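# Working through the structure, step by step
Here is what each chain is made of, one letter per residue.
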Amino acid sequence: MIRYTTSLEEIRPEMLTGFFVGWPNPPSSETHLRILRNSSHVVLAVDDAAGRVVGFVTALSDGILSAYIPMLEVLPDYKGQGVGTELIRRMMTHLKSLYMVDTVCDPELRSFYEQCGMRAATAMIVRNYDRQAG
Ligand SMILES: CC(C)(COP(=O)(O)OP(=O)(O)OC[C@H]1O[C@@H](n2cnc3c(N)ncnc32)[C@H](O)[C@@H]1OP(=O)(O)O)[C@@H](O)C(=O)NCCC(=O)NCCS
């Protein structure tokens, strides 16, 4: 059974393994936990029986008008069970008082985010790949 939480109190780096699939130079679990702590909003999906976090979403917000969702990931074994949709739904609830909520995604994820109530726009980005591990 998956439990959703916004609390990081009980989360240890060992519970954050397996994320950043396909990243050539992924952040460590310790850095992942720092990313979660430094985010203005976070929602985690936790499998207590397995003792691990199985999905997470973060948001960075000015708390007045805008928020950006930089990261959403569900562990491969837990994909296709609605966890990603539930993480976004819960995050959107936390951000619902804001004017704008943005994210950037690959084209194949457009339908996923549309199902979550978002619409497509044009994004401009910079990526410093030598900083990918944090
Ligand atoms: C994107 C992601 C978070 C979705 O999580 P999930 O728990 O598998 O999603 P859900 O089970 O809630 O799927 C909801 C719907 O989105 C679709 N969907 C999910 N992932 C998809 C993908 N990668 N491409 C296309 N459609 C996808 C599902 O088919 C499902 O559609 P349905 O309701 O018609 O069956 C997950 O695939 C993931 O972690 N991907 C790698 C990281 C990533 O791309 N993150 C997003 C960064 S912008």
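Structure report, in brief. Position labels on residues start from 1 in each chain and follow its written sequence. Two thresholds apply to this predicted model, a pLDDT of at least 70 for residue-level local features and 80 or more for giving and counting side-chain atom pairs, whereas whole-chain, interface and lining totals are computed over all residues. Side-chain numbers here rest on the full set of heavy atoms in the structure, without hydrogens or water.

## A few points about the overall build of the protein
Definition in use: In this text, helices come from DSSP runs of H or I with a minimum length of four residues, and strands from runs of E with a minimum of two, each type numbered from the N-terminal end. In this setup the radius of gyration rests on C-alpha atoms only. A globule is expected at 2.2 Å times the number of residues raised to 0.38.
Secondary structure assignment for the protein yields three helices and five strands. Each helix and strand of the protein, ordered N terminal to C terminal, gives the series β-α-β-β-β-α-β-α. Against the compact-globule benchmark of 14 Å for 134 residues, the protein has a radius of gyration of 15 Å, which places it among compact chains. C-alpha extents for the protein along the principal axes are approximately 40 × 35 × 30 Å.

## Let's talk about the nonpolar core
The following threshold applies: Among the buried residues, those of types Ala, Val, Leu, Ile, Met, Phe, Trp, Tyr and Cys that are joined through side-chain atoms within 4.5 Å form a nonpolar core. To sort residues, take the accessible area from a 1.4 Å probe on protein chains only and compare it with the maximum for the residue type: under 20% means buried, over 50% means exposed, and anything in between is partly exposed.
Core analysis: the largest hydrophobic core is formed by 33 residues, its most contacted members being Ile11, Leu36, Leu44 and Val53. Going through the elements one at a time, α1 (29-38), β2 (41-47), β3 (52-61), β4 (66-74) and α2 (83-94) are the ones with two or more residues in this core.

## Things to note about a nonpolar patch on the surface
We count it as follows: Nonpolar side chains (Val, Leu, Ile, Met, Phe, Trp, Tyr) within 5 Å and like charges within 9 Å form the patches, drawn only from residues with over 30% relative accessible area and no salt bridge. For the area figures, the Shrake-Rupley method with a 1.4 Å probe applies, and any residue is considered shielded solely by the protein chains shown. A pairing counts as a salt bridge when a side-chain nitrogen of Lys or Arg comes within 4 Å of a carboxyl oxygen of Asp or Glu.
Taken together, Ile64, Leu65, Tyr99 and Met100 make up a surface patch of nonpolar side chains, about 470 Å² in accessible area. Take Met100: it is sitting in strand β5 (residues 100-103). For Met100, a relative accessible area of 33% puts it in the partly exposed group.

## What about the environment of Phe19?
Definition in use: Two residues form a contact once any of their heavy atoms are found within 4.5 Å.
Here Phe19 shows up in the loop between β1 (2-5) and α1. Note on Phe19: relative accessible area 8%, which makes it buried. C-alpha separation for the pair Phe19 and Glu9, spaced ten residues apart in sequence, amounts to 20 Å. Residues within four places of Phe19 in sequence aside, it is in contact with His32, Val53, Val54, Gly55, Phe56, Glu73 and Leu75.

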